[in-house]
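As a plain string of letters, each chain reads:
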2 protein chains.
Amino acid sequence: MLNYQAPLDLAFQALADPTRRIMVERLSQGPASVSELAQPLDMTLSAVVQHLAVLEASGLVRSEKVGRVRTCRIEPKALHSAERWISERRASWERRLDRLGAFLVETEPTIKPRRKK
Amino acid sequence: MLNYQAPLDLAFQALADPTRRIMVERLSQGPASVSELAQPLDMTLSAVVQHLAVLEASGLVRSEKVGRVRTCRIEPKALHSAERWISERRASWERRLDRLGAFLVETEPTIKPRRKK
DNA sequence: CCAATAGTTAAGTGTATGCTTAACTATCAA
DNA sequence: TTGATAGTTAAGCATACACTTAACTATTGG
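Below you will find a few notes about this structure.

Rules of the game
- Residues numbered from 1 in each chain as written.
- Chains lettered and ligands numbered in written order.
- Predicted model: local features only at pLDDT ≥ 70, side-chain atom pairs only at ≥ 80, totals over all residues.
- Heavy atoms only, no water.
- Contact = heavy atoms within 4.5 Å.
- Buried area = accessible area lost by both parts, 1.4 Å probe.
- Salt bridge = Lys/Arg side-chain N within 4 Å of Asp/Glu carboxyl O.
- Helix = DSSP H or I, 4+ residues; strand = E, 2+ residues; numbered from the N terminus.
- Buried < 20%, exposed > 50% of the residue type's maximum accessible area, 1.4 Å probe, protein only.
- Least-squares fit on C-alpha atoms with pLDDT ≥ 70 in both.
- Core = buried A, V, L, I, M, F, W, Y, C linked by side-chain atoms within 4.5 Å.
- Near = heavy atom within 4 Å.
- Polar contact = N/O pair within 3.5 Å; in protein donor to acceptor, adjacent residues only side chain to side chain.
- Nonpolar A, V, L, I, M, F, W, Y, C, P; charged D, E, K, R; others polar.

1. What about the interface of chain B and chain A?
- On the chain A side, the residues contacting the 30 residues of chain B number 31 residues.
- In this assembly, chain B packs against chain A so that about 2,900 Å² is buried in total across both faces, 66% of it on carbon and sulfur atoms.
- Inspection of the chain B/chain A interface yields 4 salt bridges.
- R90(A) is paired through a salt bridge with E83(B); the nearest N and O atoms lie 2.7 Å apart.
- Of all the secondary-structure elements, those providing two or more residues to the side of chain B that touches chain A are α1 (7-15), α2 (18-28) and α5 (76-107) of chain B.
- Looking at the side of chain B that touches chain A, the element that brings in the most residues is α5(B), giving 12 residues.

2. Notes on the pattern of salt bridges
Residue and element names in this part refer to chain B.
- Using the criterion set out here, one finds 14 salt bridges over all chains in the structure.
- Where E75 meets R62, a salt bridge forms, and the shortest distance between an N and an O atom there is 2.7 Å. Within this pair, whereas E75 is found in the loop between β3 (69-74) and α5, its partner R62 is found in strand β2 (residues 61-66), the two being separated by 13 residues in sequence.
- Take E75: its relative accessible area is 23%, and that puts it in the partly exposed class.
- The exposure class assigned to R62 is partly exposed, which follows from its relative accessible area of 38%.
- Across the salt bridge formed by E94 and R90, the nearest N and O atoms sit 3.3 Å from each other. Residue E94 and its partner R90 are both found in helix α5; the two are separated by 4 residues, about one turn of the helix.
- The class of E94 is partly exposed, set by a relative accessible area of 32%.

3. Observations concerning the relation of the copies chain B and chain A
- Overlaying chain B with chain A gives an RMSD of 0.0 Å, the required rotation being 180 degrees about an axis along which the chain moves by 0.0 Å. Given the turn and translation reported, the copies of this chain are related as if by a two-fold rotation axis.
- In this assembly, 100% of the residues forming the interface of chain B have copies in chain A that are likewise at the interface, indicating an isologous arrangement.

4. Comments concerning the nonpolar core
- Counting residues in each nonpolar core, the largest one holds 54 residues, and the members touching the most others are F12(A) and F12(B).
- Here F12(B) is in contact with F12(A), L15(A), A16(A), R21(A), A82(B), W85(B) and I86(B), once residues within four sequence places are set aside.

5. A short note on the protein's contact with DNA strand D
- Taken together, 22 residues sit near DNA strand D, with S35(A), R68(A), R70(A), Q50(B) and H51(B) positioned nearest.
- Within 4 Å of the protein, atoms of DNA strand D come from sugar and phosphate in 64% of cases.
- Contact distances for DNA strand D include 2.6 Å between a base oxygen and a side-chain N or O atom of R68(A).
- For DNA strand D, a phosphate oxygen lies 2.6 Å from a polar atom in the side chain of R70(A).
- Counting residues per element, the ones that place at least two in the surface near DNA strand D are α3 (34-38), α4 (45-57) and β3 (69-74) of chain A together with α2 and α4 (45-57) of chain B.
- In terms of residue count, α4(B) provides more of the surface near DNA strand D than any other element does, 4 residues in total.
- When grouped by side-chain class, the residues that make up the surface near DNA strand D number 7 nonpolar, 9 polar and 6 charged.

Set out below in structure tokens:
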């Protein structure tokens, strides 16, 4: 596999970890400091900072430090492109099923059809 | 972290790999055999089978073998629950921004407002 | 029957991930 | 100025991941 990580790789990878989903969940309700993010999590601050780094690298989260506190917030764009990827797959799958359905209706217009002719 | 993998972990983890996304993309256009899935991929069949196992474990794909060919198809439910998780986060984030917007409008009804009173 | 096809399984390898501890830096408040 | 707060960074460790090769098992067309 290549070393270059496409945006979607990073976004889905980031969302694959339950700790990071909790962080995103928290941030979807509004900005938070690193310690606030860490508070419900049963791990060291250090680990949380590392998760945050993954979230930032994925583009899902942005943060800025003022004084000694770093304030984090979600970056909706990355979340949106992950969502879009999925919904596009769903769309193409649904289109296919529609065509299939249409074909079946056309071929066999009634349930238990009498043999034609 | 626990050893138990929540469904969302597995789904996002599965989607995090570009090879597996290609496979899902292919399957969203319709069922395919393992070799058909492997055809555009630059790796051994063995590796593809292993990716398929990940996709099946995540619930994103289902397959059945008849004769010597295994036919794979996507399982929309898992894809849908991943999509839903994201859209729910987005919803809560948008609600918050709406409230914030309303608050700002209420507090400061005009741009560059004249000082009240 | 037998060779080609389609897939499976096990073992090994290098790299990435999710943590921990520990030592460190900056900011704020008394 | 000093101690508490908030976060950062490096090193180490165990486990998980994405492959490969190689040996193997069915199925099927001729």
